[in-house]
Amino acid sequence: MSHQTVIVLDFGGQYNQLIARRVRECGVYCELKPYTTPLDELRSMDPIGIIFTGGPHSVYAEGAPSVDPAIFSWGVPILGICYGCQLMAHLLGGRVVPAQDDSAREYGKTATGFDTGCKLFGGLPADGITWMSHGDYMEKVPEGFALTAWSEACPNVAIADEERGFYGVQFHPEVDHTQHGVDMIRAFLYDVCGARGDWSMEDYKRTAIADIRARVGQGKVLLALSGGVDSSVMAALLAEAVGSQLTCVFVDHGLMRLNEGDEVEAAFAPWDINFVRVNAGERFLSKLAGVEEPERKRKIIGEEFIRVFEEEAKKVGKVDFLAQGTIYPDVIESGGTGAAGAAVIKSHHNVGGLPDTVDFKELIEPLRLLFKDEVRQLGRELGLPEYLVTRQPFPGPGLAIRIIGEVTKAKADTLRLADFIFRDELARAGEDRNLNQYFAVLTNTRSVGVMGDGRTYDYTLALRAVTTADFMTADWARIPYEVLDRVSVRIVNEVRGINRIVYDITSKPPATVEWE
């Protein structure tokens, strides 16, 4: 695809995906590459700019991540963030040392002053708050660099050699805690690198459809459609590209949310594709009978999904392409940036793994370069209904891991209705717009209650809602009491088997977002 490109050079920092997302949000295409990428390979990408990310190391330590110093004579603008700033200083003749005084170490929100004559901070307030996370100190700044930001503890919070287009900041402009941080990144992209802003989902849609048509030709494509955002957007993109050459197998395992299976099927009615819905709820529930351990539930559902999909694929016959819903964070978390020593956070495969018995020639992953928010926007460009595009994150095993203990049809039906009421009341109150994920959990705890002058001994339902920018950390949501009250009243009145409602007020960490 022909777009201006920025390279985000990965040094192992925790916010590296977020840096890349911020660049894309500014309308500029970027790719996250490991710091070990050879310079010739980086040159072949013809970037308009390079960003060095943060990282957990000290630049002066033996074996610390580094780059070929020739990158600085290339003539491409560079922005160094945190470790990236110190690495630039270290390689260009400055000196970075451990902070000898605790006051020189900076962590968290920090009052910062800016030289607004610097291109990075032009047009911004002269004072603001930045998010710091560094224990090393630039004792000597390289020749040719000016000090462009400072704090009470540190006179060199940011440095710049504007003649060469080199900028370094010891704070993290990519996080929400830094005021005007995205504006600083945008200034680097447009005012320093000369970006045109030629990255949009409208353009990506047109290009991706043309590319898929060219690659697939007259071939047949098979897709396991889960009904989630990624697989739904991929199905719509493939449908636009190849129409009736696409077969979507939608396996309804009976553990989806209320009316969700029907909504997924209805969403694809406008397209001329072969849509196969398999209602396999009883089959999955029989496999889960007596199983209480969460990981066993996940494994059983993942394996059974593959078996059902394989059976349906055999009916379709030989296909040329198997489509998979990999998105860019999956590639990164699976170590796909190729960084030496990169942590493999998760093993990502569409619906639990590639089926062994499906006869196909090639794997096709049309969303492989997109972040989640970009996938959602692409869905809108393709005309998918908003209820699918904004669908809440939903685990592959569905309600099975939101039912603590054994999974039964009765429990699934109970949770399905309770979860719907929770989501419905949040939407009515407009609170859903303030939340990143929210759902109900049917616990395995029963307690005494009283309803209609009679004693009850029923289940406790837990409600969970969080706010987060990246799901790496999350804070419990402060839903107004009156909204929680309406949810509680409706559930205990409308859902049989529940007599007590609790609200989870634990952040991540120490908890996870999901209970299982």
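Scroll up a little and you will see the structure.
Here the residue index of a chain counts from 1 through its sequence in written order. Confidence filtering applies because this is a predicted model: local features only for residues at pLDDT of at least 70, side-chain atom pairs given and counted only at 80 or more, and all residues used for totals across whole chains, interfaces and linings. In computing side-chain properties, one takes all heavy atoms of the structure into account and sets aside hydrogens as well as water.

### Let's talk about the packing of aromatic side chains
Applicable threshold: Two rings belonging to Phe, Tyr or Trp (six-membered ring only in the last case) form a pair when the distance between their centres is within 6.5 Å. Interplanar angles under 30 degrees mark stacking, angles over 60 mark edge-to-face geometry, and anything in between is tilted. Each residue is assigned to one of three classes by its accessible area relative to the maximum for its type, calculated with a 1.4 Å probe on protein chains only: buried under 20%, partly exposed between the two thresholds, exposed over 50%. The criterion is that NZ of a Lys, or CZ of an Arg, lies within 6 Å of the ring centre and within 35 degrees of the ring normal, and then a charge sits over that ring.
Within this structure, the stated rule accounts for 16 aromatic pairs. Considering the side-chain rings of Trp 199 and Tyr 204, the 5.5 Å spacing of their centres and the 70° angle between planes classify their relative orientation as edge-to-face. Its relative accessible area of 6% is what places Trp 199 among the buried residues. A relative accessible area of 2% places Tyr 204 in the buried class. What links up through ring pairs into an aromatic cluster is the set Phe 11, Tyr 35, Phe 52, Phe 72, Tyr 83 and Phe 166. In this structure, Arg 478 packs its charged tip against the face of Trp 476, placed 3.8 Å from the ring centre.

### Re the pairing of strand β1 (residues 5-10)
Along any regular strand the residues' side chains alternate between the sheet's two faces. Applicable threshold: Comment: elements are numbered from the N terminus, with helices defined as DSSP H or I runs of at least four residues and strands as E runs of at least two. Should DSSP find at least two bridges between two strands, the strands are regarded as paired. Orient the strands so they point away from the viewer; a crossover is then right-handed if the path from the first strand over the helix to the second runs clockwise.
Where burial is concerned, most of β1 is hidden: six out of the six residues are buried. Bridge analysis of β1 against strand β2 (residues 29-34) gives six bridges, and the strand direction is parallel. Its bridge partner being in β2, Ile 7 is matched across the sheet by Glu 31. Read from β1 through helix α1 (residues 16-25) to β2, the crossover connection turns out right-handed. As defined by bridge partners, β1 adjoins strand β3 (residues 49-52) across four bridges and the pair is classed as parallel. Bridged to Val 6 within β3 is Gly 49.

### Looking at the sheet that holds strand β14 (residues 274-279)
We count it as follows: Only the contacting stretch of a helix is used when fitting its axis, a line to C-alpha atoms as for every element, and angles between N-to-C directions run 0 to 180 degrees.
What the five strands build is an open sheet, ordered β14-β13-β12-β15-β16; its pairing is parallel. Lying at the two open borders of the sheet, with one neighbouring strand each, are β14 and β16 (362-364). When strand polarity is set aside, the average angle formed by the axes of neighbouring strands in this sheet is 25°. Here strand β12 (residues 221-225) pairs with strand β13 (residues 246-252) via five bridges, running parallel. Considered in β13, the bridge of Ala 224 is made with Val 249.

### Here we look at the environment of Glu 514
Quick note on the threshold: We call two residues contacting when some pair of their heavy atoms lies within 4.5 Å. Think of a polar contact as two N or O atoms within 3.5 Å of one another; within protein, one of them needs to be a possible hydrogen donor and the other a possible acceptor, and neighboring residues in sequence only count if both atoms come from side chains.
With respect to the helices and strands, the residue Glu 514 is situated in the segment after β20 (498-503). Under the relative-accessibility criterion, Glu 514 is labelled buried at 14%. For the pair Glu 514 and Gly 325, spaced 189 residues apart in the sequence, the C-alpha separation amounts to 22 Å. Among all residues touching Glu 514, those that are not within four sequence positions of it are Pro 395, Arg 402, Gln 437 and Phe 439. Of the polar contacts made by the side chain of Glu 514, one reaches the side chain of Arg 402; its length is 2.6 Å.

### A look at empty space enclosed by the protein
Where empty space is left can be seen by rolling a probe of water-molecule size over the atoms. Put simply, the test is: A pocket, in this scheme, is an open set of points on a 1 Å grid over the protein atoms alone with protein on both sides within 12 Å along at least 5 of 7 lines, while a cavity is a set where a 1.4 Å probe fits but cannot get out; residues line either one if an atom lies within 4 Å of a point. Grid points are joined across faces, edges and corners, and a volume is the space filled by probe spheres set on the points. Charged means Asp, Glu, Lys or Arg here, nonpolar means Ala, Val, Leu, Ile, Met, Phe, Trp, Tyr, Cys or Pro, and polar covers whatever is left, Gly included.
The full count for this structure, using the stated rule, is two cavities of 30 Å³ or more. Counted as a void, the second largest cavity has a volume near 30 Å³. Phe 114, Leu 124, Pro 125, Asp 127, Gly 128, Gln 179, His 180 and Met 184 are the residues that line the second largest cavity. Here the residues of the lining of the second largest cavity are counted per class, giving four nonpolar, three polar and one charged.

### Topic: the environment of Pro 510
In this fold, Pro 510 is placed in the segment after β20. On the accessibility criterion, Pro 510 (76% relative accessible area) is exposed. Distance in space between the C-alpha atoms of Pro 510 and Gly 12 is 23 Å, their sequence separation being 498 residues.

### What to know about the nonpolar core
Formally: Take the buried Ala, Val, Leu, Ile, Met, Phe, Trp, Tyr and Cys residues and link them wherever side-chain atoms come within 4.5 Å; each set so joined is a nonpolar core.
Grouped together as the largest cluster of nonpolar side chains are 47 residues, with contacts concentrated most on Leu 255, Phe 422, Leu 461, Leu 463, Ala 465, Ile 479 and Ile 491. One finds Leu 238, Met 256, Leu 370 and Leu 384 within the second-largest nonpolar core, a separate group that totals 42 residues.

### Focus: the side chain of Asp 504
Structurally, Asp 504 can be placed in the segment after β20. Of the polar contacts made by the side chain of Asp 504, one reaches the side chain of Arg 464; its length is 3.4 Å. Separated by 2.9 Å, the side chains of Asp 504 and Trp 515 make a polar contact.

### Some remarks on the pattern of salt bridges
Note the cut-off: Any carboxyl oxygen of Asp or Glu that lies within 4 Å of a side-chain nitrogen of Lys or Arg is treated as forming a salt bridge with it.
If you walk through the whole model with that rule in mind, you get 38 salt bridges. Lys 372 is the partner of Asp 230 in a salt bridge, and the nearest nitrogen-oxygen pair spans 3.0 Å. You can see Asp 230 sitting in helix α6 (residues 229-242) and its partner Lys 372 sitting in helix α11 (residues 372-381), a full 142 residues away along the chain. You can call Asp 230 buried: its relative accessible area is 15%. For Lys 372, a relative accessible area of 32% translates into the label partly exposed. Residues joined in a network through salt bridges with shared partners are Asp 424, Glu 425, Arg 428, Arg 486, Arg 490 and Glu 494.

### Re the pairing of strand β18 (residues 454-467)
The element β18 is extensively covered by neighbouring structure, given that ten of its 14 residues are classed as buried. Examined bridge by bridge, strand β17 (residues 437-451) and β18 share twelve bridges and lie antiparallel to one another. Counterpart to Arg 446 in the pairing with β18 is Tyr 459. Summarising the sheet, β18 and β20 pair through five bridges and their orientation is parallel. By the bridge assignment for β20, Thr 460 is matched with Arg 500. Where β18 lies against strand β19 (residues 475-476), two bridges are found, and the strand directions are antiparallel.

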